[in-house]
Amino acid sequence: MTPTRELVQLADLYGVSTHYSTDLGRRIETSAQTLRAVLIALGVDAATDRGVRIALAGRRQDRAERLLPPSVVMRSGRPPVGLATPSRTDLWVETEDGCGYPIGALCEELAGLPVGRHILHASRGGRSQAVPLLIAPGRPARPTGRSWGFLVQLYSVLSRHSWGMGDLGDLADLARWAGGLGADFVQLNPLHSYLPGPLPDPSPYRPSSRRHADPMYLRIRSLPEYAGLSATDREVAARLDAEAGRLRDDVLSGGMIDREAVRGLKLRALELVYRVPLGPARRAAYERYVDAGGAGLSDYALWCALAEVHGPHWRSWPAGLRSPDGRGIAAARAELAERIGFHRHLAWLVDEQLASAQRAATEAGAAIGLMHDLAIGVDPDGADAWQLQHCLAEGITVGCPPDDFNPHGQDWGLPPWRPEALAEAGYAPFAEVLRGSLRHSGALRVDHIMGLFRLWWVPAGARADEGTYVRYDHEMLLGVLALEAHRAGSIVIGEDLGTVEPGVRTELTERGILGTSVLRFEFNDGPEQRSGPLPPERWRPDCLATLTTHDLPSTAAWLDGSHVRLHERLGLLTKSTDQAAVDADTERNRWLAELDRVGVREPSNGSATGQVPSQDVLGLHRFLALTPAQLIGVWLPDTVGDRRPQNLPGTCDAYPNWRLPVADGSGSALTLEDISAHPGPRTVADVYRDLSTAPCPRPVNRGQEDLRALAAAEAACLTHPSGSPNDLVTGLPLPSGSGGAVVRASPAQAQSIRPPGVARPISGEETP
């Protein structure tokens, strides 16, 4: 059914899109049914035409009469855009340090306020209003030069000491080893806490809470209190350790990672550890953590305790417990005080081991250290959905529209933020979520950062392709992100793959937020035309560049076409097998020809047969080194020949998503000790050894968007120890205009380089 004019106008006023364009440029209209469902989820009575007319009039009246918007977020030194108040309105600001300032000229004086969280007051004719005022820095922290690091799914990198999956002790060892190879960061999967109970979907992108990491990542034997177990509890712990060893051996002999089993063992061990009294210094550290965590930590621990009693699905709990302010909550806090203390204690232990891992990375020479990953949303049954339900849309899930990679669209089953509820809360819930992931990090990857501009909302019961976009105030959300990252001293990387509306990447670049560029998605003339690989000098500098991701085929599988056979076996192909194979061969051969053109592909010889990584994989890495990308990410499984993806979108039980350990080319699982002794990671590290001091490639021929990014690349180049303006073009003949410039690798980039000699394989010795 075609939407009425009033329904379209109402949707526009609430930021609900009445049409959208696909990644190939095709316009799709939104149905009236979808518009009504989305508006209802926003709290609007849009079920009938009469309700739509009443809501439309009320919306217009509310906008005309208000003194201030629900929240104001602006950049330091820049007047706010579109902020206006009725004439004869008195304004003043209360800063976060308690000072008060009258405001005369609204835009000019607000622009001069210090970075921070303040309150803006307005009064007129007996009416008054006070709203949060956030002044964000112009840009968060930036990389001080070009650098590279490993992309890792932590659960998949288990050592001889792991209890069936990679843990925070493994992370500290991995970070030390990576730093010794010259890596400046280790990018991780989201470490957010999982829903308790069975885990039919072990995806780290479907967490219970994004504000706290999961205790299943703890290295139990490294906890200080573990040494203080009583004799009886030590016997129990020894039996648990033996069970964990069997779990580990099962994974390493071809089994899958069993998070439920791992979590069960660790929780039993943690109950023992919790009995050991804390010493004075440890008690003081714990109390500082609890004080800093405030009500958010207490509510999270309360939810965990309630879930132990009533199960994880809070909508089925007794009515008085279904929200943090329910009538039964006070009694539950008293009754469950001991269990609440236990879960607060676990949160603190995880926080401490994360801090140790970040410290291990930076002490090993990594300039950035840990790069955490913020998932796009949370499980609708989890702790955050319970605590923040007033800001989340009911009866809606988020996903993405159909595109070339996912022709049916995707529904991720996660509830979205309600834009207006978030604004009325002063964006505090969003800020709290950010702080949870920014702790103990040098950088933060924001999954699907386009969701700060708009999100694809799918009404309950609808197909993924029957949704529509809902717009968010990106100025506000990016400002909150910049403020929290600034206070944490962290770099921000946005995952901006897939359907990206015009202007988003330009805005992110101006904000100092890096994007994500994956080799197989970088085309001449953009995703619509796809006229061949994008030459290295035309890549954007403000990005994290990679060959692949956790959702894509491994580089070895992409090169030999085995990913097509896997998709055929699982029924995921949308075209004939022959056509899919031809298309994959064409794509691969175009990229190999591009490697030949720029001189980074070395011919294989007899002695190199079976080499891991292959010469073609190394050539692709040399290609990335030729781009001006600020950061380059190396998928760790690629370096040892692993051919399996960690996740196959569109599958659930048909493929062991998120359950596979890192393996070699034959599929045999490797321990962290095996990986660190394998020659592959060092060989790839040699490609990037001189990345931070090599001449800074100059991007060309990408238009106005990249002129801004070029200035940033030049500035970054000048921070290199050997950098100078002339370094930008040394050895890189880049004629302007045609886009046909030939960029050839320098000897330092194209040849095999001596091993750095500072990274040592990880031994089997337990680290404290």
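Residues numbered from 1 in each chain as written. Predicted model: local features only at pLDDT ≥ 70, side-chain atom pairs only at ≥ 80, totals over all residues. Heavy atoms only, no water.

Of the regular secondary structure elements, the chain holds 25 helices and 21 strands. Taking all contacts inside the chain whose residues are at least 6 apart in sequence as the whole, residues at least 24 apart take part in 74%. (Helix = DSSP H or I, 4+ residues; strand = E, 2+ residues; numbered from the N terminus. Contact = heavy atoms within 4.5 Å.)

The subject of this paragraph is the packing of aromatic side chains. Scanning the model with the defined rule gives 13 aromatic pairs in all. Residues Trp148 and Phe150 carry aromatic rings whose centres are separated by 5.2 Å and whose planes lie at 80 degrees to one another, so their mutual orientation is edge-to-face. With respect to class, Trp148 is no different from Phe150; both count as buried. Members of the aromatic cluster, each reached through a chain of ring pairs, are Trp148, Phe150, Trp177 and Tyr688. The ring of Tyr469 has Arg454 sitting right over it, with the charged end atom 3.6 Å from the ring centre. (Phe/Tyr/Trp six-rings, centres within 6.5 Å; stacked < 30°, edge-to-face > 60°. Buried < 20%, exposed > 50% of the residue type's maximum accessible area, 1.4 Å probe, protein only. Lys NZ or Arg CZ within 6 Å of the ring centre and 35° of its normal.)

Turning our attention to the confidence of the model for the chain. As a general rule, the predicted coordinates of low-pLDDT regions are not to be interpreted in detail. Residues at a pLDDT of 70 or more form 88% of the chain, whose mean pLDDT is 88. Here residues 702–757 is modelled with pLDDT under 50, and outside its nearest four sequence neighbours on either side it reaches 115 contacts, counting other chains as well. (pLDDT = per-residue confidence, 0-100.)

For helix α2 (residues 32–41), a buried count of seven out of 10 residues is recorded, marking the element as mostly surrounded by other parts of the structure. Within α2, burial applies to Ala32, Thr34, Leu35, Arg36, Val38, Leu39 and Ala41. If you follow the buried residues of α2, they end up packed against α1 (5–13), α3 (49–65), β13 (396–400), β16 (454–459) and β17 (468–471). Gly43 sits one or two positions beyond α2 and adopts a positive phi of about 90 degrees.

Turning our eyes to something else, we now look at the packing of α1 against α3. Viewed as axis vectors pointing N to C, α1 and α3 meet at an angle of 40 degrees, and their least axial separation amounts to 9 Å. Two packed elements cross with a definite hand, and for α1 against α3 that hand is left-handed. Residues Glu6, Leu7, Gln9, Leu10 and Leu13 of α1 form the contact with α3, whose participating residues are Val52, Arg53, Ala55, Leu56, Arg59, Arg60 and Arg63. (Axes fitted to C-alpha atoms, helices over the stretch in contact; angles between N-to-C directions. Left-handed = near helix turned anticlockwise from the far one by under 90°.)

On to the environment of Ala557, then. You can see Ala557 is positioned in helix α17 (residues 555–560). It is 8.6 Å that separates the C-alpha atoms of Ala557 and Asp642, two residues lying 85 residues apart in sequence. In contact with Ala557, other than residues within four places in its own chain, are Ser562, His563 and Arg643.

The space that makes up the second largest pocket amounts to roughly 1,100 Å³. Lining the second largest pocket are 40 residues; nearest its centre among them are Arg66, Pro69, Ser71, Asp473 and Met476. Among the elements of the structure, α1, α3, β3 (72–75), α12 (419–424) and α14 (474–488) are those that each provide at least two residues to the lining of the second largest pocket. The element best represented in the lining of the second largest pocket is α12, accounting for five residues. Of the residues assigned to the lining of the second largest pocket, the class counts are 22 nonpolar, six polar and 12 charged. (1 Å grid on protein atoms, 1.4 Å probe; cavity = no way out; pocket = protein on both sides within 12 Å on 5 of 7 lines; lining within 4 Å. Points joined across faces, edges and corners; volume = space filled by probe spheres on them. Nonpolar A, V, L, I, M, F, W, Y, C, P; charged D, E, K, R; others polar.)

The probe, sized like a water molecule, is rolled over the atoms to show the empty space still left. Applying the stated rule across the entire model yields five cavities of 30 Å³ or more. Arg210, Ile376, Gly377, Trp417 and Phe430 are, among the 24 residues lining the largest cavity, the residues nearest its centre. Considering only residue class, the lining of the largest cavity consists of 18 nonpolar, three polar and three charged.

What follows concerns unusual backbone geometry. Trans is the common state for peptide bonds, and a negative phi is the common state for residues other than glycine. The residue after Val612, namely Pro613, is reached through a cis peptide bond having omega -5 degrees. Structurally, the position occupied by Pro613 is in the loop between α19 (577–598) and α20 (615–626). We note that Tyr427 has phi near 60 degrees; this positive angle belongs to a residue other than glycine. Of note, Tyr427 is situated in the loop between α12 and α13 (428–438). When its relative accessible area of 5% is taken as the criterion, Tyr427 is described as buried. Within the chain, His448 stands out as a residue other than glycine whose phi angle is a positive 50 degrees. One can find His448 in the loop between β15 (443–446) and β16.

The subject of this paragraph is the nonpolar core. One finds Trp148, Phe150, Trp177, Tyr217, Leu519 and Tyr688 to be the most contacted residues of the largest nonpolar core, which totals 97 residues. Of the residues forming this core, the biggest block, nine residues, is contributed by helix α10 (residues 337–363). Val16, Cys391, Ala423 and Leu455 belong to the second largest nonpolar core, which has 80 residues in total. (Core = buried A, V, L, I, M, F, W, Y, C linked by side-chain atoms within 4.5 Å.)

Here we take up the sheet that holds β13. Here we have four strands laid out as an open sheet, ordered β14-β13-β16-β17, and antiparallel in their pairing. A single partner strand is all that each edge strand has here, and the edge strands are β14 (410–414) and β17. In this sheet, neighbouring strand axes are inclined to one another by 50 degrees on average, regardless of whether the strands run parallel or antiparallel. Where β16 meets β17, four bridges bridge the pair, whose relative direction is antiparallel. Paired with Trp457 across the two strands is Thr468, which belongs to β17. Along the sheet, α2 contacts β13, β16 and β17; its crossing angle with β16, the most-contacted strand, is approximately 105 degrees. (Pairing = 2+ DSSP bridges.)

Attention now goes to the sheet that holds β15. Spatially, the eight strands line up as an open sheet ordered β18-β15-β12-β9-β8-β21-β20-β19, and their pairing is parallel. In this open sheet, the two strands that pair with only one neighbour each are β18 (491–494) and β19 (515–518). For this sheet the average axis-to-axis angle between neighbouring strands, irrespective of direction, equals 25 degrees. Looking at chain direction, strand β9 (residues 185–188) and strand β12 (residues 369–374) are connected through three bridges and run parallel. Across the sheet, the residue bridging to Gln187 is Met371, located in β12.

Moving on, we come to the pairing of β18. Here β18 shows two buried faces, one formed by Ile491 and Ile493 and the other by Val492 and Gly494. The sheet contact formed by β15 and β18 spans four bridges and is parallel. Residue Ala443 lies in a different strand from β18, and its bridge partner there is Ile491.

A few words now on the pattern of salt bridges. The tally for this structure, following the rule as stated, stands at 46 salt bridges. One salt bridge in this structure joins Arg117 and Glu484, with 3.8 Å as the shortest N-O distance. Of this pair, Arg117 sits in strand β6 (residues 116–124) while Glu484 sits in helix α14; the two residues are 367 residues apart in sequence, bridging distant segments of the chain. Across the pair Glu243 and Arg268 runs a salt bridge whose closest N-O atoms are separated by 3.8 Å. Within this pair, whereas Glu243 is found in helix α6 (residues 231–252), its partner Arg268 is found in helix α7 (residues 259–274), the two being separated by 25 residues in sequence. Given the relative accessible area of 28%, Glu243 is considered partly exposed. (Salt bridge = Lys/Arg side-chain N within 4 Å of Asp/Glu carboxyl O.)

Let us look at a negative patch on the surface. The grouping of Asp249, Asp250, Asp258 and Glu260 at the surface amounts to a negative patch. Relative to the helices and strands, Asp250 resides in helix α6. (Patch = residues over 30% accessible without salt bridge, like charges linked within 9 Å, V, L, I, M, F, W, Y side chains within 5 Å. Areas by Shrake-Rupley, 256 points an atom, 1.4 Å probe, with all protein chains shown as cover. Lys, Arg positive; Asp, Glu negative; His and termini not counted. Charge placed at Lys NZ, Arg CZ, Asp CG, Glu CD.)

This paragraph deals with α10. Given 3.6 residues per turn, any residue in an α-helix points the same way as the ones three and four places further on. For α10, built from 27 residues, the straight-helix expectation of 39 Å at 1.5 Å per residue is met to within 8% by its first-to-last C-alpha distance of 39 Å. Burial analysis of α10 places 19 of its 27 residues in the buried class, the great majority of the element. (Expected span 1.5 Å × (residues − 1).)

With that out of the way, let us pick up the environment of Arg315. Within the secondary structure, Arg315 is located in the loop between α8 (280–310) and α9 (329–335). The exposure class assigned to Arg315 is partly exposed, which follows from its relative accessible area of 33%. Excluding residues that lie within four positions of it along the chain, Arg315 makes contacts with Arg322, Pro380, Asp381 and Glu394. One polar contact links Arg315 to Glu394, side chain to side chain, over a distance of 3.2 Å. (Polar contact = N/O pair within 3.5 Å; in protein donor to acceptor, adjacent residues only side chain to side chain.)

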